[in-house]
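Here is how the chains run, residue by residue.
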Amino acid sequence: QVQLVESGGGSVQPGGTLRLSCAASGSILNIYTMGWYRQAPGKQRELVATVTRDGNTNYADSVKGRFIISRDNAKNAVYLQMNSLKPEDTAVYYCNANIRMSPSTLVSAFWGQGTQVTVSS
């Protein structure tokens, strides 16, 4: 089995910063693209940022220039540095990883349990 464990959420004032972390563990052969998604109350889950194994990144327009995604392949971890936070960034943030567990299995998407980020004055 595979688990993704997130940490780093919390409450912050507008303009503040937070850093989210996510580590994958379990039966892992390879991890491909990793990313962060978020879901605000009453809205659909949306992509925030993704990073490939080679370090190529992709960001939602709403977070470009404010958020930075990175990963540590040796630790099976992905991070999200969130700067200049706005109230509209308030959401539950989910870690995602595309993982092959063994040579005979397909690549599957795994999700973390979610961590709350609240931006409010």
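In the block above lies the structure referred to throughout.
Residues numbered from 1 in each chain as written. Predicted model: local features only at pLDDT ≥ 70, side-chain atom pairs only at ≥ 80, totals over all residues. Heavy atoms only, no water.

Novice: When you look at the overall build of the protein in this model, what are you seeing that I'm missing?
Specialist: Within the protein, the regular secondary structure consists of 0 helices and 11 strands. Secondary structure elements of the protein, listed N to C terminal, follow the sequence β-β-β-β-β-β-β-β-β-β-β. A compact globule built from 121 residues should have a C-alpha radius of gyration of about 14 Å, and the protein, at 14 Å, falls within 12% of that. Overall, the protein is about 50 × 25 × 25 Å in size when its C-alpha atoms are taken along their principal axes. Counting over 121 residues, the protein shows a buried share of 40%. Contacts in the protein between residues far apart in sequence, at least 24 positions, make up 55% of those at least 6 positions apart. For the protein, the exposed surface amounts to about 6400 Å²; the carbon and sulfur share of it is 47%. With 11 positive and 7 negative side-chain charges, the protein shows a spacing of 3 Å between the two charge centroids. (Helix = DSSP H or I, 4+ residues; strand = E, 2+ residues; numbered from the N terminus. Rg over C-alpha atoms; globule rule 2.2 N^0.38 Å. Buried < 20%, exposed > 50% of the residue type's maximum accessible area, 1.4 Å probe, protein only. Contact = heavy atoms within 4.5 Å. Areas by Shrake-Rupley, 256 points an atom, 1.4 Å probe, with all protein chains shown as cover. Lys, Arg positive; Asp, Glu negative; His and termini not counted. Charge placed at Lys NZ, Arg CZ, Asp CG, Glu CD.)

Novice: Before we go on, may I ask you to explain the pattern of salt bridges in this structure?
Specialist: If the charged atoms of two oppositely charged side chains come close together, the side chains can form a pair. Tallied over the full model, the rule gives 4 salt bridges. The shortest N-O distance in the salt bridge between Glu46 and Arg38 comes to 2.7 Å. Using a relative accessible area of 5% as the deciding quantity, one classes Arg38 as buried. A salt bridge links Asp89 to Arg38; the nearest nitrogen and oxygen atoms lie 3.0 Å apart. (Salt bridge = Lys/Arg side-chain N within 4 Å of Asp/Glu carboxyl O.)

Novice: What is the right way to read the environment of Ser120 from this model?
Specialist: Relative to the assigned elements, Ser120 resides in the segment after β11 (115-119). Put simply, Ser120 and Asp89 are 31 residues apart on the chain and 9.8 Å apart in space, counted from C-alpha to C-alpha. Beyond its immediate sequence surroundings of up to four residues, Ser120 is in contact with Val12, Gln13 and Pro14.

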